[in-house]
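Here are the chains, one letter per residue:
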Amino acid sequence: MAEERTYIMVKPDGVERGLVGEIIKRFESKGYKLVALQLLPTSRELLNEHYCDLKDKPFFPKLINYMLSGPVVGMVWEGKDIVKTGRRLLGETDPLKSAPGTIRGDYCIDVGKNLCHGSDSVESAQREISLWFPNGVLSWERHNVHKLIYE
Ligand code: DAT
Ligand code: MG
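Computed from a prediction, not measured in an experiment: that's the story for all the values here. (Residues numbered from 1 in each chain as written. Chains lettered and ligands numbered in written order. Predicted model: local features only at pLDDT ≥ 70, side-chain atom pairs only at ≥ 80, totals over all residues. Heavy atoms only, no water.)

The next thing to look at is the state of the cysteines. Taken as a whole, this structure holds zero disulfides when the rule is applied. Among the cysteines around cysteine 52, which has no disulfide bond, cysteine 116 carries the closest sulfur, lying 20 Å off. A relative accessible area of 26% places cysteine 52 in the partly exposed class. Left unpaired, cysteine 108 is separated from the closest cysteine sulfur, that of cysteine 116, by 6.3 Å. (Disulfide = S-S within 2.5 Å. Buried < 20%, exposed > 50% of the residue type's maximum accessible area, 1.4 Å probe, protein only.)

As for its placement among the helices and strands, threonine 6 is situated in strand E1 (residues 5–10). Here serine 119 takes part through its side chain, which lies 3.4 Å from a polar atom of the side chain of threonine 6. Beyond its immediate sequence surroundings of up to four residues, threonine 6 is in contact with Met75, Val76, Trp77, Ile82, Val83, Ser119, Ala125 and Ile129. (Helix = DSSP H or I, 4+ residues; strand = E, 2+ residues; numbered from the N terminus. Polar contact = N/O pair within 3.5 Å; in protein donor to acceptor, adjacent residues only side chain to side chain. Contact = heavy atoms within 4.5 Å.)

Across all of its chains, the model carries six salt bridges by this definition. Across the salt bridge formed by arginine 26 and glutamate 22, the nearest N and O atoms sit 3.0 Å from each other. In this pair, arginine 26 and glutamate 22 both sit in helix H2 (residues 20–30), four residues apart, roughly one turn of the helix. By relative accessible area, which is 18% here, arginine 26 ends up buried. Given the relative accessible area of 22%, glutamate 22 is considered partly exposed. The partner of arginine 26 in a salt bridge is aspartate 106, and the shortest N-O contact between them spans 3.0 Å. (Salt bridge = Lys/Arg side-chain N within 4 Å of Asp/Glu carboxyl O.)

Quick look at the UniProt feature "domain: Nucleoside diphosphate kinase-like" (unreviewed entry) in the protein chain now. Per the UniProt annotation, the sites labelled "domain: Nucleoside diphosphate kinase-like" (unreviewed entry) are residues 3–140. Note that residues 3–140 is 41% helix and 19% strand, and that its end C-alpha atoms are spaced 11 Å apart. (UniProt positions renumbered as here; feature names shortened; annotations may be inferred.)

This part covers the layout of surface pockets. Computed from the structure, the largest pocket encloses a volume of approximately 550 Å³. Along the walls of the largest pocket sit 22 residues, with Tyr51, Leu54, Phe59, Leu63 and Thr93 positioned nearest its centre. Mapped onto the lining of the largest pocket, the elements with two or more residues apiece are helix H4 (60–67), strand E4 (116–118) and helix H7 (122–132). Its residues assigned to classes, the lining of the largest pocket comprises seven nonpolar, seven polar and eight charged. (1 Å grid on protein atoms, 1.4 Å probe; cavity = no way out; pocket = protein on both sides within 12 Å on 5 of 7 lines; lining within 4 Å. Points joined across faces, edges and corners; volume = space filled by probe spheres on them. Nonpolar A, V, L, I, M, F, W, Y, C, P; charged D, E, K, R; others polar.)

Shown next, in the form of structure tokens:
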């Protein structure tokens, strides 16, 4: 069975604040496997597609301007139950409701500067991965590490 994958993105505030390494570290230390990584400027076109479900929300224009304010770091992570667990590692959408120990709980305060994105379902993850990584992601084996993490 193919391993589950999710799209995790460090938003412009996270990149500018130097938190890329910290966010990568949470997923790496948990035991998940990195299969794609890129630093890139966003575009209105990509963001309209990425956030298509939110286009009628009152905060949508503000969200797009925030996301256009600098480069983002996009990643694809792979592993057991990664979509749901990845969102638990990020914390709640509103950082003030996020438990300490989560990324948003530890490093931010306002919902409009909440540092990171994580796919909300396996279907969204597939859609977001093909949107941000149209050339695909890597398939590779961690020969020694895999058996130290999984039963
Ligand atoms: P999440 O990023 O937790 O999946 P979402 O998909 O509902 O949350 O919304 C996408 C982003 O939009 C979110 O990370 C921050 C912004 N946002 C969501 N709700 C908001 C609100 N009520 N006011 C301002 N920004 C909001
Ligand atoms: Mg979302």
